[in-house]
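Chain by chain, the residues run as shown.
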Amino acid sequence: MSTSTGTAAGLVAAEDVLLFVNAAITATGQREFRSTAYQQQLSLDFLHEYVRVNYRRLYACALALDINDHNAARIVHGLLEHAGDATPGEKRTEGRLIAARLAKLPPQRVYRLFRALRAAGVNNRRTRAIMRDWLAARPDLAHDAVKYRSGLKTAARHAHLPLDGTGEQKRAEEPKEAGAPKRTGEPEGAAEVGDFLFRPGLRTHYRHQLLDAWRRAHYEQRAVEELPFTVAEGFAARHGMKREAFLERAAPRMTRLERLRTQRQRTAPTGLPPAGTDLTAMPLTRLALYVLSLDLDERRIHRAELTRALRAAARRAAAPHTGSWGRVAAVLDDSYSSYGSGEKRRRPLAVALACHHLLEALAAPGGYAPLWTSGRTDALLVGPWGATPLGTRVLDALELGPDRLIIVSDGWDNAPPGLAGEVLRVWRTRLDPDRRTEVVHVNPVYDADGFDVRRLAPSVPTAGIRDAEDLPTLVEIAQFAEGRTGPAALYAYLDRQVARFVTEDRTAEDRTAEDRTAGDRSGAAS
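Scope of this entry: the structure provided in the associated data block.

Cut-offs and rules
- Residues numbered from 1 in each chain as written.
- Predicted model: local features only at pLDDT ≥ 70, side-chain atom pairs only at ≥ 80, totals over all residues.
- Heavy atoms only, no water.
- Pairing = 2+ DSSP bridges.
- Helix = DSSP H or I, 4+ residues; strand = E, 2+ residues; numbered from the N terminus.
- Right-handed = clockwise from strand over helix to strand, strands pointing away.
- Contact = heavy atoms within 4.5 Å.
- Axes fitted to C-alpha atoms, helices over the stretch in contact; angles between N-to-C directions.
- Parallel < 35°, antiparallel > 145°, perpendicular 65-115°, else oblique.
- Left-handed = near helix turned anticlockwise from the far one by under 90°.
- Nonpolar A, V, L, I, M, F, W, Y, C, P; charged D, E, K, R; others polar.
- Buried < 20%, exposed > 50% of the residue type's maximum accessible area, 1.4 Å probe, protein only.
- Polar contact = N/O pair within 3.5 Å; in protein donor to acceptor, adjacent residues only side chain to side chain.
- Expected span 1.5 Å × (residues − 1).
- Phe/Tyr/Trp six-rings, centres within 6.5 Å; stacked < 30°, edge-to-face > 60°.

Observations concerning the pairing of strand β2 (residues 368–372)
Piece 1. As paired strands, strand β1 (residues 328–332) and β2 are joined by five bridges and run parallel to one another. Residue pairing across strands places Ala 330 opposite Pro 370, the latter belonging to β2.
Piece 2. Where the polypeptide runs from β1 across helix α20 (residues 347–362) and back to β2, its parallel neighbour, the crossover connection is right-handed.

So, in structure tokens, the structure goes:
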């Protein structure tokens, strides 16, 4: 990376990149507790354009970091829409990063991106090649044709994907643009998928089981059970099937998240998911969100099961750092603002709860001390309540003499206002100038007015956080915000992340190719 690191311009660039990374991790353009969706979107629009225009290479490098899916899709859209601003070398790097990121995004998010590219009129050769290769890498295009029908139709039209068995020769004759990823062959069974999408009345039978099940589901109830759950729901309503019976019969074909979303309709009022749902296999932050969706009585009744699941998920997320952080104190925000909003309900509180269990796993045995702003001592029963006395809790935590102090809060210290920042300033300048205690503030809420996450004190590094699983990585990034390392270290870190990200994608691509060769499509129906 050729960005200057020895000048004032390099320092400004590093600060701008860290600001953008914080926003890309936390902001989703949705309403927050203290800002509307419009304010969030307007703030994000400015940041994306500012960083793309001024630091395009760094903007692309953000795809290799743990940013959220919303901003990853926006970065891809911006890079492809303004491809003329990039050099051939930048296009090659961007092509690899885009391909790697699209492979990690949920398919519905990618199809939504493809629709947005078509609406914006982005149709250069590189965009079409990226779309075609992503579609060719899908494990079962027929499954996508059923579950994401309109998205696949839009992508096929926009990318000029000939789903009639004749596309390979046409693509071989098309010149390749610099930066476009390597092109693959036409997906197997493309002609049948093409008939399904664009000529639905042409065939009276499909060889692919899922395509034929969709055809039969129009007049045969038994075929409904063979379809993906989201597609089967519509057919079940059309046939007048009872909801409870349909959910019970569809359970084996549901994904884990679909089982959780529908569990209250299929179980007694215990709040727990149906038999066969393994809570311990869920990602930590998502599990914390689920736990907080239960009422307090349900959490009390099933305390052992829920606690066991949270600790198992935390141990999985902590590896290989388990027990390596020494003595850890945590200030965890469960004030009223941790409710979030109607669109991001209890998200900040869920991040704090997940961080609580993760920090317990990261700390040395017996070396963890959690301090909730409400004063609660039972983490399983936390709820959004009261003011935010961060300063008092920070004082309590520092008195314990920890090796690390982690603060998980939206940064709105209001009981009294500003006390936490003053405590941390005095601690860092007067009481601990040698930095024996490492202090890091992680913030799950984007501040639209400040174009960043809200900070407690200039002397304390702050990083945006969306999923607690990213905490070890974010603590590493926070050192760059603290100012003790220069821009050169930040750019070297970004280069390492890009190399790792692209290498992981190539390894995954090789495994996927081997699976396709072996005919392994067993997971396509879930």
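Re the side chain of Ser 43
Piece 1. Its place among the elements puts Ser 43 in helix α2 (residues 37–54).
Piece 2. If sequence neighbours within four positions are ignored, Ser 43 has contacts with Tyr 446, Ala 448 and Phe 451.

Thoughts on the packing of helix α9 (residues 149–158) against helix α11 (residues 190–198)
Describing two packed helices takes the angle between their axes plus the distance from one axis to the other.
Piece 1. Where α9 meets α11, the closest approach of the two axes is 10 Å, and the angle between their N-to-C directions is 110°. Considered as vectors, α9 and α11 are oriented roughly perpendicular to each other. At the point where α9 passes α11, the crossing takes the left-handed sense. Along the contact surface, α9 presents Arg 149, Leu 152, Lys 153, Ala 156 and Arg 157, while α11 presents Val 193, Phe 196, Leu 197 and Phe 198.
Piece 2. A breakdown of the residues in the contact of α9 with α11 according to their chemical character gives six nonpolar, no polar and three charged.

Points about the environment of Arg 138
Piece 1. Here Arg 138 lies in the loop between α7 (125–136) and α8 (141–147).
Piece 2. A relative accessible area of 18% places Arg 138 in the buried class.
Piece 3. Filtering out sequence-adjacent residues up to four positions away, Arg 138 remains in contact with Pro 107 and Asp 144.
Piece 4. A distance of 2.7 Å separates polar atoms of two side chains, one belonging to Arg 138 and the other to Asp 144.

Remarks on α7
Piece 1. Here α7 spans 16 Å end to end across 12 residues, near enough to the 16 Å set by a 1.5 Å rise per residue.
Piece 2. What α7 keeps buried is the set Arg 126, Thr 127, Arg 128, Ala 129, Ile 130, Met 131, Arg 132, Asp 133, Trp 134, Leu 135 and Ala 136.

Here's the deal with the packing of aromatic side chains
Piece 1. This model, assessed by the stated rule, comprises 13 aromatic pairs.
Piece 2. On the basis of an interplanar angle of 85° and a centroid distance of 5.6 Å, the ring pair of Phe 114 and Trp 134 is categorised as edge-to-face. With Phe 114 in helix α6 (residues 107–119) and Trp 134 in helix α7, the pair connects residues that are 20 residues apart, well separated along the chain. Taken individually, Phe 114 and Trp 134 each receive the classification buried, so the pair is uniform in this respect.
Piece 3. Judged by centre distance (4.9 Å) and plane angle (75°), the rings of Phe 196 and Trp 214 are edge-to-face. A residue pair is termed long-range when its members are at least 10 positions apart, and Phe 196 in helix α11 and Trp 214 in helix α12 (residues 209–216) qualify at 18 residues. The residues Phe 196 and Trp 214 share a single accessibility class, namely buried.

Just distances and angles here, no functional claims.
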